[in-house]
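Commentary on secondary and tertiary structure
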Amino acid sequence: MISDDDLFTLAIFLGSVAMLLIVLYHFLEVNAKSDSSTADSTAKKIPLGADPVAFSPGSAVASKVKPR
């Protein structure tokens, strides 16, 4: 049967490996080059320095409202 010390060592080892894999995954995800022909071309991008409120989806609805 497995002793408490062996179980503790196994838990520490597997937990450390899991954390290293998580950090490696996030490092690779952040530094991955995106395919600009698929996802980026369909997304609406806000120009650099522009007011994000003016490009929000609600602004299109608000511009059709007539002022009193």
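Residues numbered from 1 in each chain as written. Predicted model: local features only at pLDDT ≥ 70, side-chain atom pairs only at ≥ 80, totals over all residues. Heavy atoms only, no water.

**Describing the overall build of the protein**
A count of helical and extended segments in the protein gives three helices and zero strands. Of the regular secondary structure in the protein, the N- to C-terminal order runs α-α-α. Within the span of the protein, comprising 68 residues, buried residues form 0% of the whole. Put simply, the protein shows about 6600 Å² of open surface, and 68% of that area lies on carbon and sulfur atoms. (Helix = DSSP H or I, 4+ residues; strand = E, 2+ residues; numbered from the N terminus. Buried < 20%, exposed > 50% of the residue type's maximum accessible area, 1.4 Å probe, protein only. Areas by Shrake-Rupley, 256 points an atom, 1.4 Å probe, with all protein chains shown as cover.)

**Side note on the UniProt feature "transmembrane region" (unreviewed entry) in the protein**
The sites that carry the UniProt feature "transmembrane region" (unreviewed entry) are, in the present numbering, residues 7–28. Between the C-alpha atoms that bound residues 7–28 there is a distance of 31 Å. The span itself is 100% helix and 0% strand. (UniProt positions renumbered as here; feature names shortened; annotations may be inferred.)

**Let's talk about a nonpolar patch on the surface**
A contiguous nonpolar surface patch, about 1200 Å² in accessible area, is contributed by Met-1, Ile-2, Leu-7, Leu-10, Phe-13, Leu-14, Val-17, Leu-21, Leu-24, Phe-27 and Leu-28. As for its position among the elements, Leu-14 is in helix H1 (residues 4–30). (Patch = residues over 30% accessible without salt bridge, like charges linked within 9 Å, V, L, I, M, F, W, Y side chains within 5 Å. Salt bridge = Lys/Arg side-chain N within 4 Å of Asp/Glu carboxyl O.)

**Considering the confidence of the model for the protein**
Should pLDDT be low for a region, the predicted coordinates there are not to be read in detail. Residues with a pLDDT of 70 or more make up 62% of the protein, whose mean pLDDT is 79. Mean pLDDT values over the elements of the protein span from 51, in helix H2 (residues 39–42), up to 97, in H1. (pLDDT = per-residue confidence, 0-100.)

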